[in-house]
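These are the residues of each chain, in order.
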Amino acid sequence: MSENWAVATGHPTATRAAERLLRAGGNAVDAGVAAGLTLGVVQPDLVSVAGVAPIIMFDATSGRVTSQDGVGGWPAAADVEALHRAHGDHVPEGILRTVIPAAPASWIRALSEKGTMRFADIAEEALEAAREGFEVYPLFAEFVASRQEKYARFPSTAEIFLPGGRPPVVGERFVQRDLAWTLEQMIAAEAACPGDRRAGLAAARAAFYEGPIAERIVAFHAANGGLLTAADLAGYEVREEPTLPVSFRGAEVHCCGAWCQGISMAETLAMIEAAGPGAATRDGALDLHLLIEVLKRVFADREAFITDPDHMEIRPEELLAPEFLADRLAGIGPQSDPLPAPGTPTPPSGAPAVFHIGCADTSHVSVIDGAGNIFSATPSDPSYDTLVIPGTGLSVSSRGSQSRAIPGHLNALAPGKRPRLTPNPILALKDGKPWLAMGTPGGDVQVQAMVQVLLNMLDLGMAPAQAVRAPRVATYAFPGSFAPHDVFPNKVLFESDLEPSQIADLAARGHDLEAWPQETWMAGGICIALRSAEGAIAVADTRRAGTAATGPAPIRPPDLARIADPATPRAEAYALCAAAIPNGLFTAMRLHAAEMEVERLYSTLPEVYPVSGRKPKRATAWGEKVLVGREVNAGFGPADIAWAFSDHETILGLGLEAVLNVPVIAGGQVLGTINYLRGAPSFSTEEITLGRRCAEALARRGLHA
């Protein structure tokens with residue numbers, strides 16, 4: 001059976017979150033939002049729950065592609081003149097680079113308008129990882145250790161990221177209880193809302209932007225010289241923005257707009273397409289010289305023309321005009337142009353080169369569901385360069401690092417103005433049908449890595465996994481996106497396993513080459529979900545901590561309202577539960593705790609679970625002792641409904657010997673148990689959740705009375 005859905009994210013826990021919802025019948029948006037929120041917990045060095053979250057989506061029903069900017073503007077109190085006088089040309093690290101946090105609004109808008117789940121449904125993994133901790137993995141440990149001095153500057157940040165005064169060690173558990181409090185406030189606000197799903201989501205959002213979370217953010221800024229106010233937070237709205245579609249090698253690639261690097265991605269693809277179908281390859285490999293020269297010109301144009309579109313002097317589409325692209329291509333010669341016009345050299349700042357230390361932000365999530373919906377998001381914002389808000393666990397968006405503190409500069413900060421964002425997720429269609437979701441971390445490497453992967457697949461015919469694994473190059477001959485915005489004319493980094501002939505060709509053409517290690521995390525961390533004739537495919541780049549998953553179409557969720565309705569005949573209610581429970585067996589029972597007996601009311605396998613009055617069976621109390629903390633006869637009333645499931649062969653072969661009972665609890669009462677049998681197949685979290693919902697629906701109709 002071919003796989004039906006695909007997901008790839010920057011961390012295994014985020015992938016599991018998306019997988020759980022897809023298996024439970026959620027759509028790509030439900031899964032993507034769950035993964036994105038989780039990334040803010042399990043990759044807190046690179047992604048903030050209160051950071052940025054640009055999203056691009058395809059709706060299979062309407063055929064529309066939409067994007068959300070997911071980046072906040074500068075607070076109303078931002079003053080470029082004052083910041084320049086106090087700190088020079090660059091926005092300093094610390095609380096002053098904080099912009100309005102956009103991620104919560106972005107996630108919730110997508111979920112409200114295009115998803116099907118509640119906030120509590122999508123937040124399960126995020127909350128558990130914050131409250132109980134996650135296992136420290138090598139990239140996280142390396143990142144924090146390499147920036148220990150920066151984390152140590154701010155006491156509230158050091159308290160979380162340098163527990164006991166040292167960086168986290170691989171294998172330890174990293175706990176963020178204050179961040180769990182933040183998520184709990186949003187979940188509780190939703191639960192307390194009397195309205196429908198969308199009203200509950202609005203309540204969760206309000207808890208962040210107007211409620212107890214906002215109060216702590218605003219109070220800390222007021223006490224520590226920050227700029228954020230209650231009005232900034234309460235007035236924020238994430239924006240839906242048009243995408244930039246580019247015809248590329250027979251695919252329709254949708255890029256985000258000029259509020260981020262999406263315009264640069266679009267310009268790169270459009271320029272390569274304009275160069276001709278064979279221009280990007282030579283001798284069976286990518287023509288890296290052409291690619292690098294195209295990228296240099298794209299990034300020169302980015303510096304000269306691109307900022308928040310509300311403040312641009314040209315229309316973004318002008319950079320995609322055929323005449324403009326032809327002119328840029330005409331300037332490419334056989335030798336390296338160290339800094340193509342309109343780029344200008346600037347004195348070096350003396351800071352470590354970004355290609356030596358890596359870009360300190362970002363992750364990604366790509367999802368395609370069985371219906372063909374696409375979700376692609378690149379959440380971001382690091383923690384080392386700002387102050388965690390005490391009591392919240394939040395590193396509120398430090399994206400102001402991408403603005404300039406230079407009065408009159410194209411990217412000068414201003415009230416309400418969005419910093420020019422690097423994260424830029426993409427998606428692509430073929431013949432109007434869903435094909436691909438892609439994105440990567442890496443700052444200024446993002447566009448470069450994605451273009452190389454697309455060319456590997458579409459020009460060289462590589463399989464997706466091979467295309468992602470292939471060695472990459474990156475140019476740095478342009479002003480960097482992050483302060484101090486250094487320029488490195490003619491500089492090209494390459495992964496050390498690049499073909500020697502390609503290295504020699506670049507050297508002969510005058511490029512200033514420097515080797516990275518093989519498969520370095522600094523070359524990006526591509527996440528791909530795509531559909532092919534063979535089914536769904538997912539790939540997560542092994543350069544970082546990502547994982548990928550695919551799976552079959554989910555089991556159709558049962559009609560819980562019909563099960564719970566007393567007007568539904570009992571046999572019909574049982575049949576609905578039986579159809580929903582996997583692995584072939586559903587049994588309804590009354591448990592008579594005083595006599596330690598079980599009365600079986602219904603079974604899909606009557607020869608094993610006979611439906612005939614009472615039949616003594618000694619109950620197992622082990623599960624209740626462990627999971628509820630009380631004996632079975634103290635936890636159950638005289639007549640409660642329980643249910644069990646497993647495969648027929650196991651039931652027949654083992655004679656119903658239960659070894660673990662997982663209780664179904666609602667309203668503080670034990671309604672019944674999910675019984676696991678010795679040797680039975682394992683059951684997924686989503687299957688257990690589905691079973692519990694069925695049991696609770698039966699209990700609501702009063703079948704246990």
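Residues numbered from 1 in each chain as written. Predicted model: local features only at pLDDT ≥ 70, side-chain atom pairs only at ≥ 80, totals over all residues. Heavy atoms only, no water.

Engineer: Can you help me understand the overall build of the chain in this one?
Structural biologist: Looking only at helices and strands, the chain has 26 helices and 28 strands in total. Within the span of the chain, comprising 705 residues, buried residues form 59% of the whole. Within the chain, contacts between residues separated by at least 24 positions form 72% of all contacts whose residues are at least 6 apart in sequence. Carbon and sulfur atoms make up 54% of the accessible area of the chain, which totals about 25,500 Å². (Helix = DSSP H or I, 4+ residues; strand = E, 2+ residues; numbered from the N terminus. Buried < 20%, exposed > 50% of the residue type's maximum accessible area, 1.4 Å probe, protein only. Contact = heavy atoms within 4.5 Å. Areas by Shrake-Rupley, 256 points an atom, 1.4 Å probe, with all protein chains shown as cover.)

Engineer: What should I look at first to understand the nonpolar core in this one?
Structural biologist: In globular proteins that are soluble, nonpolar side chains generally tend to be buried together. Core analysis: the biggest nonpolar cluster contains 157 residues, and Phe119 and Phe375 have the highest contact counts within it. Residues within four places of Phe375 in sequence aside, it is in contact with Ala28, Val29, Gly32, Val33, Ile55, Ile56, Met57, Trp107, Val365, Ser366, Val367 and Ala437. Ranked by size, the runner-up nonpolar core spans 18 residues in total, among them Ala6, Ile56, Cys260 and Ile368. (Core = buried A, V, L, I, M, F, W, Y, C linked by side-chain atoms within 4.5 Å.)

Engineer: Is there a simple way to think about the pairing of strand 20 (residues 527-532) in this case?
Structural biologist: Two faces belong to every sheet, and in a regular strand the side chains alternate between them. Direction of pairing for strand 16 (residues 433-439) relative to strand 20: antiparallel, over a ladder of four bridges. Residue Gly439 lies in a different strand from strand 20, and its bridge partner there is Cys527. Both strand 20 and strand 21 (residues 535-540) contribute to a ladder of six bridges, which runs antiparallel. Its bridge partner lying in strand 21, Ser532 is registered against Gly535. (Pairing = 2+ DSSP bridges.)

Engineer: Whenever I open this one, the sheet that holds strand 17 (residues 473-475) confuses me. Can you help?
Structural biologist: What links the strands of a sheet is backbone hydrogen bonding, and the strands pair in either a parallel or an antiparallel sense. Read across the sheet, three strands follow the order 17-18-19 without closing on themselves; strand pairing throughout is mixed. Of all strands in the sheet, those bounded by a partner on one side alone are strand 17 and strand 19 (512-516). Sheet twist, expressed as the mean angle between neighbouring strand axes with direction ignored, is 25°. In this sheet, strand 19 lies alongside strand 18 (residues 491-495) in parallel orientation, the contact comprising five bridges. Looking at strand 19, one finds that Glu495 is bridged to Trp516. (Axes fitted to C-alpha atoms, helices over the stretch in contact; angles between N-to-C directions.)

Engineer: Is there a simple way to think about the side chain of Ser395 in this case?
Structural biologist: Note that Ser395 resides in strand 14 (residues 394-395). Sequence-distant contacts of Ser395, defined by excluding residues within four places in its chain, comprise Ser48, Ala50, Pro382, Ser383, Thr386 and Val388.

Engineer: Any chance you could explain the pattern of salt bridges here in plain terms?
Structural biologist: Two side chains bearing opposite charge may form a pair once their charged atoms approach each other closely. Taken as a whole and assessed by the stated rule, the structure comprises 40 salt bridges. Notably, a salt bridge pairs Arg205 with Glu237, separated by 3.9 Å at the nearest N-O pair. Here the residue Arg205 occupies a position in helix 11 (residues 197-209), and Glu237 occupies one in the loop between helix 13 (230-234) and strand 6 (240-241), the gap between them amounting to 32 residues. Overall, the relative accessible area of 15% leaves Arg205 in the buried class. With a shortest N-O distance of 3.0 Å, Arg469 and Asp497 are connected by a salt bridge. Placement of Arg469 in helix 19 (residues 464-469) and of Asp497 in the loop between strand 18 and helix 20 (500-508) is noted, with a sequence separation of 28 residues between them. The class of Asp497 is partly exposed, set by a relative accessible area of 23%. Bridged by salt links that share partners, the residues Asp69, Arg239, Glu241, Asp308, Asp310 and Arg418 form one connected network. (Salt bridge = Lys/Arg side-chain N within 4 Å of Asp/Glu carboxyl O.)

Engineer: Teacher, can you tell me more about the sheet that holds strand 6 here?
Structural biologist: Judged by pairing direction, the sheet is antiparallel, and its seven strands sit side by side in the order 6-3-2-12-11-1-22 without closing on themselves. Each end of this open sheet is capped by a strand with a single partner; those strands are strand 6 and strand 22 (547-551). Along the sheet, helix 1 (residues 12-23) contacts strand 1 (5-9), strand 11 (365-368) and strand 22; its crossing angle with strand 1, the most-contacted strand, is approximately 160°. In the packing of helix 4 (residues 103-114) onto the sheet, the strands contacted are strand 2 (55-58), strand 3 (65-68), strand 6 and strand 12 (374-377), and the crossing angle to strand 2 comes to about 15°.

Engineer: How should the environment of Thr307 be read in this particular structure?
Structural biologist: Within the element layout of this structure, Thr307 appears in the loop between helix 15 (288-305) and helix 16 (322-330). Distance in space between the C-alpha atoms of Thr307 and Trp259 is 6.4 Å, their sequence separation being 48 residues. The residues contacting Thr307, other than those within four sequence positions of it, are Ala258, Met312, Leu410, Asn411 and Lys417. Side-chain polar atoms of Thr307 contact the backbone oxygen of Leu410, separated by 3.3 Å. At 2.8 Å, the side chain of Thr307 forms a polar contact with the side chain of Asn411. (Polar contact = N/O pair within 3.5 Å; in protein donor to acceptor, adjacent residues only side chain to side chain.)

Engineer: Help me understand the confidence of the model for the chain, please; the structure alone is not making it clear to me.
Structural biologist: Scored by pLDDT, the chain has a mean of 87; 82% of the residues are at 70 or more. Here residues 605-683 is modelled with pLDDT under 50, and outside its nearest four sequence neighbours on either side it reaches 193 contacts, counting other chains as well. (pLDDT = per-residue confidence, 0-100.)

Engineer: In this structure, what is going on with the environment of Ile374? I would like to understand it.
Structural biologist: With respect to the helices, strands and loops of the structure, Ile374 is situated in strand 12. Counting along the chain gives 156 residues from Ile374 to Leu530, while the straight-line C-alpha distance between them is 9.1 Å.

Engineer: Whenever I open this one, helix 14 (residues 262-275) confuses me. Can you help?
Structural biologist: Helix length check: helix 14, at 14 residues, gives a terminal C-alpha distance of 20 Å against a target of 20 Å (1.5 Å per residue), a fit within 8%. Counting buried positions over the 14 residues of helix 14 gives 11, a clear majority of the element. Among the residues of helix 14, Gly262, Ile263, Ser264, Met265, Ala266, Glu267, Thr268, Leu269, Ala270, Met271 and Ile272 are the ones counted as buried. Buried positions along helix 14 lie against strand 7 (244-248), strand 8 (251-255), helix 15, helix 16, strand 15 (426-430) and helix 18 (446-458). Gly276 lies just past helix 14 and shows a positive phi near 115°. (Expected span 1.5 Å × (residues − 1).)

Engineer: Looking at this model, I keep getting lost on the packing of helix 15 against helix 18. Mind explaining?
Structural biologist: How two helices sit against one another is set out by the angle between their axes and by the gap between those axes. Two elements in contact, helix 15 and helix 18, have axes separated by 11 Å at closest approach and are oriented at 140°. For the element pair helix 15 and helix 18, the recorded crossing hand is right-handed. Residues Leu291, Leu295 and Phe299 of helix 15 lie in contact with helix 18, whose contacting residues are Val447, Gln448, Val451, Gln452 and Leu455. (Left-handed = near helix turned anticlockwise from the far one by under 90°.)

Engineer: Honestly, helix 3 (residues 80-87) in this entry has me stumped. Any pointers?
Structural biologist: Residues spaced three or four apart along an α-helix point in a common direction, a consequence of the helix completing one turn every 3.6 residues. Sitting at the head of helix 3, Asp79 places a side-chain oxygen 3.0 Å from the backbone nitrogen of Glu81. Of the residues one or two after helix 3, Gly88 is the one with positive phi, at around 85°.

Engineer: Just checking my understanding: could you explain the packing of aromatic side chains for this structure?
Structural biologist: Any aromatic ring pair is given by two values, namely how distant the centres are and how the planes are angled relative to each other. In the structure shown here, the tally under the stated rule is 15 aromatic pairs. Pairing Phe134 with Tyr137 gives two aromatic rings, centres 6.2 Å apart and planes at 40°, and the pair type is tilted. For the pair Tyr137 and Phe140, a centre-to-centre distance of 5.8 Å together with 35° between the ring planes defines the contact as tilted. By relative accessible area, which is 0% here, Phe140 ends up buried. It is Arg147 that lies over the ring of Tyr384; its NZ or CZ is 5.7 Å from the centre. (Phe/Tyr/Trp six-rings, centres within 6.5 Å; stacked < 30°, edge-to-face > 60°. Lys NZ or Arg CZ within 6 Å of the ring centre and 35° of its normal.)

Engineer: I would appreciate a short explanation of unusual backbone geometry in the present structure.
Structural biologist: Among all residues save glycine, negative phi is the norm, and among peptide bonds the norm is trans. Along the chain, Ala341 connects to Pro342 via a cis peptide bond; the corresponding omega equals 5°. Turning to its location among the elements, Pro342 is positioned in the loop between helix 16 and helix 17 (354-357). At the junction of Ala483 and Pro484, the peptide bond is cis and its omega measures out at 10° in the coordinates. Position of Pro484 among the secondary structure elements: in the loop between strand 17 and strand 18. Residues other than glycine seldom take positive phi values, yet His485 does so here, at roughly 60°. Here His485 lies in the loop between strand 17 and strand 18.

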